[in-house]
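# Summary of structural features
Listed here are the chains, written in short residue letters.
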Amino acid sequence: MTDPHRATGVLLTNLGTPAAPTPQALRRYLAEFLWDHRVVELPRPLWWLVLNGVILWIRPRRSAAAYQRIWTQQGSPLLTISQQQAARLAERLNEQHSSQFKVALGMRYGQPSIESAYAELETAGCERILVLPLYPQYSAATTASTYDALGAVLRKRRVMPHLRLLRDYHDHPDYISALAASIREYWQQHGRGERLLISFHGIPKRYAERGDPYPIQCERTAQALAKHLDLASEEWQLVFQSRFGPQPWLEPYTDRTLEHLARNGVKRVDLVCPGFAADCLETLEENDMLNHERFLAAGGNEFHYIPCLNDRPDHIDALGEIIKENLAGWL
Ligand SMILES: C=CC1=C(C)c2cc3[nH]c(cc4nc(cc5[nH]c(cc1n2)c(C)c5CCC(=O)O)C(CCC(=O)O)=C4C)c(C)c3C=C
Ligand SMILES: [Fe+2]
Ligand SMILES: [Fe+2]
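Per chain, residue numbering runs from 1 following the sequence as it is written. As a convention, the first chain written is A and the first ligand written is 1, with the rest following in written order. Side-chain atom pairs in this predicted model are given and counted only at pLDDT of 80 or more, local residue features only at pLDDT of at least 70, and totals for whole chains, interfaces and linings cover all residues. No hydrogens and no water enter the side-chain calculation; it runs on all heavy atoms of the structure.

Defined as follows: UniProt positions are given in the numbering used here, feature names are shortened, and annotations may be inferred rather than shown by experiment.
If you look the chain up in an unreviewed UniProt entry, it shows as Ferrochelatase from Nitrococcus mobilis Nb-231. Checking UniProt for the chain, the heading Subcellular location (unreviewed entry) contains the comment "Cytoplasm". For the record of the chain, the UniProt heading Function (unreviewed entry) holds the text "Catalyzes the ferrous insertion into protoporphyrin IX."

What follows is the structure, encoded as structure tokens:
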């Protein structure tokens, strides 16, 4: 029997980030990240040679420089924002429900690990654990990889908890309305561009062709958001960013679309990233810095990056609601 007085555990996860913006820390982080079979689906011997022979010699220095541009006094934005989300969510859940909740944050790569987050919940005596990967859209590269990591932790235990894993929340109405509200607020304060680019992290095209539902979920999120904002079809566009490696990735590419728009006389674009629950390297550096510069260099006048939902109260409320809907029979 489970003890109803014990706290319910919520394990929040995200991708993770290097420990420091240095080549050494990036080497460690990228080695873990890029060795994941879910992320790079190449045969291991070949990939081992390319990764250890080329990529881990070149990429860490380049990526460290990129991280240095976004690093703050508190550390990596992705980590500090995720910690805020976990703290706010714990407050909210414990305010709104009579039973107790414990929220732990675990990162798929780097620290704090999924194992350490799981151990925190275990130590607190949580017999029921709900896992919420903060990826609104499912991909094998992200969500399935998180399930793998959790499985590796559970394999070492004799006693399993009651366990629920949330797969995705790409079309949850509270998530969509929080996104719409954040964009409307941004427009009220900064005016509005001619085009809204809705930009998601890409994946290799081949992964989608093999059945990964990620692009379909991105499309659904973007459609629902555009509908919520009453946008006509020429006022917005779905694009994919953060290409990595030589294979074709999901298109249209964010960077090329920005250049194309600028060359065709579009003066101002706004860009939002609904697939990232928290601002990170791929939003702050790649979009707000690199893609911003690219748009201006191609002849655009104004590029506005609209921040992620981060610790906005409506985001925390949406996550709280998503959790609540998955607690049936537990409280
Ligand atoms: C939001 C969903 C994400 C998907 C899907 C995703 C797929 C994916 N990513 C890579 C390679 C890299 N991604 C990197 C950074 C990064 N990726 C995501 C999210 C998704 N990735 C986030 C939130 C971040 C930022 C982390 C941070 O610390 O701020 C990087 C590392 C940075 C760099 O060196 O440029 C790489 C590499 C692949 C190959 C992939 C799908 C197969
Ligand atoms: Fe990524
Ligand atoms: Fe990137």
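### Some details on the nonpolar core
Stated precisely, the cut-off is as follows: Buried Ala, Val, Leu, Ile, Met, Phe, Trp, Tyr and Cys residues form a nonpolar core when they are joined through side-chain atoms within 4.5 Å. Buried means the residue's accessible area, taken with a 1.4 Å probe over protein chains only, is under 20% of the maximum for its type, while exposed means over 50%, and partly exposed covers the values in between. Each helix corresponds to a stretch of at least 4 residues labelled H or I by DSSP, and each strand to a stretch of at least 2 residues labelled E; elements are numbered beginning at the N terminus. Contacts between residues were defined by any pair of non-hydrogen atoms, one from each residue, lying within 4.5 Å.
Ranked by size, the top nonpolar core spans 68 residues in total, and within it Leu 12 and Leu 196 carry the most contacts. Broken down by element, the residue count for this core peaks at eight residues, all from helix α6 (residues 173–190). Residue contacts for Leu 12: discarding those within four places in its chain leaves Gln 85, Ala 86, Leu 89, Val 103, Ala 104, Leu 105, Gly 106, Leu 132 and Leu 134.

### Side note on the pairing of strand β8 (residues 302–306)
Here is the rule we go by: Pairs of strands are assigned from DSSP output, requiring at least two bridges between the strands. A crossover counts as right-handed when, viewed with the strands pointing away from the observer, the path leading from the first strand over the helix to the second turns clockwise.
Summarising burial for β8: four of the five residues are buried, a large majority. Two elements, strand β7 (residues 268–272) and β8, share five bridges in a ladder whose sense is parallel. In the strand pairing of β8, Val 272 is matched with Ile 306. For the crossover that starts at β7, traverses helix α10 (residues 281–297) and ends in the parallel β8, the hand is right-handed.

### Topic: the packing of aromatic side chains
Short version of the rule: Between the rings of Phe, Tyr and Trp (Trp by its six-membered ring), a pair exists once the centres lie within 6.5 Å; its type follows the angle of the planes, with under 30 degrees stacked, over 60 edge-to-face, and the other angles tilted.
By the definition in use, this model includes six aromatic pairs. A centroid spacing of 6.1 Å and a plane angle of 75° characterise the contact between Tyr 67 and Trp 71, whose relative ring orientation is edge-to-face. By relative accessible area, which is 8% here, Tyr 67 ends up buried. We classify Trp 71 as partly exposed; its relative accessible area is 22%. For the pair Tyr 169 and Tyr 175, a centre-to-centre distance of 5.2 Å together with 80° between the ring planes defines the contact as edge-to-face. In this structure Tyr 169 comes out as buried when scored by relative accessible area, which is 4%.

### What about helix α3 (residues 77–96)?
This is how the line gets drawn: To estimate how far a helix should extend, the number of its residues minus one is multiplied by 1.5 Å.
Taking 1.5 Å per residue, 20 residues should reach 28 Å; α3 reaches 28 Å between its end C-alpha atoms and fits that length. The complete set of buried residues in α3 reads Pro 77, Leu 78, Thr 80, Ile 81, Ser 82, Gln 85, Ala 86, Leu 89, Ala 90, Arg 92 and Leu 93. Summarising the contacts, the buried residues of α3 are in contact with β1 (8–14), α2 (44–70), β2 (101–107), α10 and α11 (313–325).

### A closer look at the packing of α3 against α11
Inclusion rule: The axes used here are C-alpha line fits, helices contributing only the stretch in contact, and every angle between their N-to-C directions lies in the interval 0 to 180 degrees. Small angles under 35 degrees read as roughly parallel and large ones over 145 as roughly antiparallel, with 65 to 115 read as roughly perpendicular and the rest as oblique. Two helices that cross are described as forming a left-handed crossing if the nearer one is turned anticlockwise from the farther one by less than a right angle, and a right-handed crossing if clockwise. Each residue is assigned to one of three groups, with Ala, Val, Leu, Ile, Met, Phe, Trp, Tyr, Cys and Pro labelled nonpolar, Asp, Glu, Lys and Arg labelled charged, and all others, Gly among them, labelled polar.
The geometry of α3 relative to α11 is characterised by a closest axis approach of 10 Å and an angle of 60° between their N-to-C directions. Comparing their axes, α11 and α3 come out oblique. The interaxial crossing formed by α3 with α11 has right-handed handedness. Side by side, α3 and α11 meet where Gln 85, Arg 88, Leu 89, Arg 92 and Leu 93 of the first sit next to His 315, Ile 316, Asp 317, Leu 319, Gly 320, Glu 321 and Ile 323 of the second. Split into classes, the residues belonging to the contact of α3 with α11 amount to five nonpolar, three polar and four charged.

### Concerning the confidence of the model for the chain
Selection criterion: pLDDT measures how confident the predictor is about each residue, on a scale from 0 to 100.
Of all residues in the chain, 98% attain a pLDDT of 70 or more, and the chain-wide mean is 97. Confidence estimates for the predicted assembly give a pTM of 0.96 and an ipTM of 0.90.

### Points about the coordination of the iron ion (ligand 3)
Selection rule: Coordination shells were defined by N, O and S atoms within 2.8 Å of each metal, extended to 3.2 Å for Na, K and Ca; water is absent from the atom set, which can make sites look incomplete.
All of the protein donors around the iron ion (ligand 3) are Glu 282 (OE) and Glu 286 (OE); their distances to the metal are 2.5 to 2.6 Å. Of this pair, Glu 282 and Glu 286 both sit in helix α10, four residues apart, roughly one helical turn. Of the two residues, Glu 282 and Glu 286, neither departs from the other in class, the shared state being buried.

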